[in-house]
Amino acid sequence: MLKKVGIFVGILTFALVLSACNGDQTEQGSEESREGSEVEQGVNESIEKNYEDVPDPVANVNGEDIQKEDYIMTIESIIAREGIDIESEEAAQFLPMIKQQAVQSLVNERLILRAAEDDGIEALEAEVQERLEPYLAQYEDEEALEETLNESGLTMDELLEELENIVKQEKYLDQRIEPVEVSEEEIQSAYEELQALYDEELPSFEDYRDELELNLQMEKEQEQITEIIEQLRAESEISIFIE
């Protein structure tokens, strides 16, 4: 079973867990760390209450189940990423949308991963190791990282599997995304639209140009990714067991 897959949100779970744990390592026993643990426990308890009736599995993709634990973990990562208080009115308003985002992301990730593997795409050990380096950089050595993972209910093998999956998914998409070109007219038009939207003074076009070009490139690449995913979904059998 793939416990965590993700080019979109899965890896964020590891990043958030490791970041929190790394903070606890640097200030062990402090009042701030204890308060952080209490907040985290409260969030986890609130999430569990919200998902008592969630079926397991939550979805099936071409005969493969997507487990409830992956679904809840993905929701946790989205909530943490957006900085939403699980007990707030904001959470109540956005939770249905977050739930849908979580399950659809997991389905899409599974589709891309399986398509990559069907194409014979592999992740080289050096590529996985390169993805591991930012995590190792936060710790004295690999053993310290592994100890932190274990304290969080995760394992080094799970982290390496996640990184391997991400490499495969990105390779698959890279092979299918056509080179993107952005014209000077498109960049100028985007700048003028921003000027019309915001009252405050924007940076000059020359200062903002490169950022606008990058954003437009990313938008066009995302449009291609969306089309790729839509095609994969059209060719697949997908069952979602939650509302």
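Because the structure is a prediction, the values reported are computed rather than measured.

**What about a negative patch on the surface?**
No. 1: Judged by side-chain charge, Glu140, Asp141, Glu142, Glu143, Glu146, Glu147, Glu151 and Asp157 come together as a negatively charged surface patch.
No. 2: The greatest single-element share of the negative patch, amounting to 5 residues, is contributed by helix H6 (residues 142–151).

**Side note on the confidence of the model for the protein chain**
No. 1: Confidence in the prediction of the protein chain, expressed as mean pLDDT, is 80, and 79% of residues score 70 or more.
No. 2: Ranking the elements of the protein chain by mean pLDDT puts helix H1 (residues 10–26) last with 44 and strand E1 (residues 59–61) first with 97.

**What to know about the sheet that holds E1**
No. 1: Judged by pairing direction, the sheet is antiparallel, and its 3 strands sit side by side in the order E2-E1-E3 without closing on themselves. Unpaired on one side and paired on the other, strand E2 (64–66) and strand E3 (238–240) mark the two borders of the sheet. When strand polarity is set aside, the average angle formed by the axes of neighbouring strands in this sheet is 20°.
No. 2: Across 3 bridges, E1 lies against E3 in antiparallel orientation. Across the sheet, the residue bridging to Asn60 is Ser239, located in E3.

**Some details on unusual backbone geometry**
No. 1: Along the chain, Asp56 connects to Pro57 via a cis peptide bond; the corresponding omega equals 10°.
No. 2: Locating Pro57 in the fold gives a position in the loop between helix H2 (31–50) and E1.
No. 3: We note that Asn62 has phi near 50°; this positive angle belongs to a residue other than glycine.

**Section: the nonpolar core**
One broad rule of soluble globular proteins: the nonpolar side chains tend to lie buried together.
No. 1: Val58, Tyr71, Ile75 and Tyr172 are the most contacted members of the largest nonpolar core, which totals 32 residues.
No. 2: Of all the elements in the fold, those that place two or more residues in this core are E1, helix H3 (68–82), helix H4 (89–118), helix H7 (156–176) and helix H9 (205–234).
No. 3: It is H4 that contributes the most residues to this core, 11 residues altogether.
No. 4: Each residue touching Tyr172, except ones within four places of it in the same chain, is listed here: Ile112, Ala115, Ala116, Asp119, Ile121, Ile228 and Leu232.
No. 5: Ranked by size, the runner-up nonpolar core spans 14 residues in total, among them Leu136, Leu149, Leu154 and Leu159.

Reading the values: rules and limits
Positions within a chain are numbered from 1, following the residues in the order the chain's sequence is written. In keeping with the model being predicted, local features are shown solely for residues with a pLDDT of at least 70 and side-chain atom pairs are shown and tallied solely at 80 or more, while totals for entire chains, interfaces and linings include all residues. Think of the side-chain values as coming from all heavy atoms in the structure, minus any hydrogens and water. Surface patches are defined over residues having more than 30% relative accessible area and no salt bridge, joining like charges when they lie within 9 Å and nonpolar side chains (Val, Leu, Ile, Met, Phe, Trp, Tyr) when within 5 Å. To measure how exposed things are, a 1.4 Å probe is used in the Shrake-Rupley method; for residues, cover is taken only from the protein chains shown. Salt bridges are defined by distance alone: a side-chain nitrogen of Lys or Arg within 4 Å of a carboxyl oxygen of Asp or Glu. All tallies of charge rest on Lys and Arg as positive and Asp and Glu as negative; His and the ends of each chain are not included. Note that the charge is assigned to NZ on lysines, CZ on arginines, CG on aspartates and CD on glutamates. The secondary structure listing takes helices from DSSP runs of H or I that are at least 4 residues long and strands from runs of E that are at least 2 residues long, numbered from the N terminus. Residue-level confidence of the predictor is what pLDDT reports, using numbers from 0 through 100. Here a strand pair is declared whenever DSSP counts at least two bridges between the two strands. Fitted lines through C-alpha atoms give the axes, limited to the stretch in contact for helices. The angle between two N-to-C directions lies from 0 to 180 degrees. Only buried residues count toward a nonpolar core, which is a set of Ala, Val, Leu, Ile, Met, Phe, Trp, Tyr and Cys residues joined through side-chain atoms within 4.5 Å. For each residue, the accessible area found with a 1.4 Å probe, counting protein chains only, is set against the maximum for its type, and the residue is called buried under 20%, exposed over 50%, and partly exposed in between. Whether two residues are in contact is decided by their heavy atoms: any pair within 4.5 Å suffices.

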